Each structure stands twice: as structure tokens, then as C-alpha cells.
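Chain by chain, the residues:
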Amino acid sequence: MRVFVDTNIVISAILFPNGKTAKVFSYLLEKHTIIISSYTKKECEEVFEKKFPLKKELLDIFFDGISFEEFKSPEEIDEQQYPKIRDIKDLPVLASAILSDSDILITGDKDFEDVTIDKPLIFTPTKYFDMIEEIT
């Protein structure tokens, strides 16, 4: 399966390597194709620069150490072509997840809770973790 991960998932996996999100991320790395958009990478860099400048090298180490497919996010997005999302700043993530042909989008962002869409399926790390625990 192709699994798109949002910025908050990457950051959480880096900063809390023993947490539930990191466990989900490790599982995804092992079992699926992870997709990270250029928008997500840029957003991660901005967050680390602003909130965690002393830990910025962890971001490079993380991206260099994992296998993922990078998807080039569109420069311009016509919001009429995509499902309605509460926070318009999240539209590049939603559009990238759809355009990259992802099967699943993993995000901790509550603005995605009200998005009605068939593909990708949208999960929080906790919901996904609970689902894989039932399977394994």
C-alpha cells in the first residue's frame, strides 16, 4: 500500500522515537511505501527552524535514513477540485495525498476529521495503530 504521511507524523516520529507515532512509522517503513510530499518536507524544515533549531540536524538524519517516495506538491491548487477542508492551509497536504495516488493518509491534524473522501482513507496514528494491532 501507498501511505502518505503528514508533517506532524514526521516530526512526532523524530522527536518521540519511542512513541506510538514512531511505532506506526516504523511499521509503515517495513510494510508499505511511504510517500512524503515536497510540501511536507518544507513544512518540517520550517517547524524545526522555528521551534527546534538545535535539533535541526535530526531532520536531515531522519530523511537520509529512511526509504520513501517524494511527491512534488503542486505549486497552485484550485480548491474547487478537492474536498472541503476546514483549514485551507492543509489543502496542499490533501491535494498531494490524492494526486500521489496514496491509499492511506496518516495525520494527527484534526482538520482532516471532517474530510469526506473515498481515497485515500484518513487515519490518525492512534486509529491506524489500533487497526494494525487487531490484524497482527
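Each remark here, short or long, concerns the structure printed above.
Residues numbered from 1 in each chain as written. Predicted model: local features only at pLDDT ≥ 70, side-chain atom pairs only at ≥ 80, totals over all residues. Heavy atoms only, no water.

1. Quick look at the packing of helix α1 (residues 7-15) against helix α3 (residues 38-51)
- Here α1 crosses α3 at 50 degrees, and the two axes come no closer than 9 Å. By the angle class used here, α1 and α3 are oblique. When you trace α1 past α3, the crossing you get is right-handed. Across from T7, V10, I11, I14 and L15 in α1, the residues of α3 making contact are T40, E43, C44, V47 and F48.
- Among the residues forming the contact of α1 with α3, the class breakdown is seven nonpolar, two polar and one charged. (Axes fitted to C-alpha atoms, helices over the stretch in contact; angles between N-to-C directions. Helix = DSSP H or I, 4+ residues; strand = E, 2+ residues; numbered from the N terminus. Parallel < 35°, antiparallel > 145°, perpendicular 65-115°, else oblique. Left-handed = near helix turned anticlockwise from the far one by under 90°. Contact = heavy atoms within 4.5 Å. Nonpolar A, V, L, I, M, F, W, Y, C, P; charged D, E, K, R; others polar.)

2. Observations regarding the packing of aromatic side chains
- One pass over the full model with this rule turns up six aromatic pairs.
- With centroids separated by 5.2 Å and ring planes inclined at 55 degrees, the aromatic side chains of F25 and F62 adopt a geometry described as tilted. Residue F25 is found in helix α2 (residues 20-31), and its partner F62 is found in helix α4 (residues 56-65); the two are separated by 37 residues along the sequence. F62 shares its class with F25; the two are buried.
- Here the aromatic rings of F123 and Y128 are separated by 5.9 Å at their centres, their planes lie at 70 degrees, and the arrangement is edge-to-face. Each member of the pair, F123 as well as Y128, is classed as buried.
- A connected cluster of aromatic rings, assembled from ring pairs, spans F25, F62, F63 and F68.
- When the ring centre of F63 is taken as origin, the NZ or CZ atom of K41, which lies over that ring, is 4.9 Å away. (Phe/Tyr/Trp six-rings, centres within 6.5 Å; stacked < 30°, edge-to-face > 60°. Buried < 20%, exposed > 50% of the residue type's maximum accessible area, 1.4 Å probe, protein only. Lys NZ or Arg CZ within 6 Å of the ring centre and 35° of its normal.)

3. Focus: helix α5 (residues 91-99)
- Counting buried positions along α5 yields seven of nine residues, so the element is predominantly enclosed.
- Of the surrounding secondary structure, the elements contacted by the buried residues of α5 are β1 (2-5), β2 (33-37), α3, β3 (69-71) and β4 (104-106).
- Note on α5: the residue one or two positions beyond its end, D101, has a positive phi of about 60 degrees.

4. Observations concerning the sheet that holds β2
- Sheet architecture is open: five strands sit in the order β3-β2-β1-β4-β5, paired in parallel fashion. At either end of the open sheet lies a strand with only one pairing partner, and these are β3 and β5 (121-123). Adjacent strand axes in the sheet meet at a mean angle of 30 degrees when their direction is disregarded. (Pairing = 2+ DSSP bridges.)

5. What about the pairing of β1?
- Summarising the sheet, β1 and β2 pair through three bridges and their orientation is parallel. Pairing of R2 across the sheet is with T33, part of β2.
- Here β1 runs beside β4; their pairing, made up of three bridges, is parallel. Considered in β4, the bridge of V3 is made with I104.

6. So, the environment of F4
- Inspection of the secondary structure assignment puts F4 in strand β1.
- Of the residues examined, F4 reaches a relative accessible area of 0% and is grouped as buried.
- Along the primary structure F4 and K50 are separated by 46 residues, whereas in three dimensions their C-alpha atoms are 24 Å apart.
- Ignoring anything within four residues of it in the chain, the contact list for F4 reads I35, S37, T40, V93, S96, A97, S100, S102, I104, L105 and I106.

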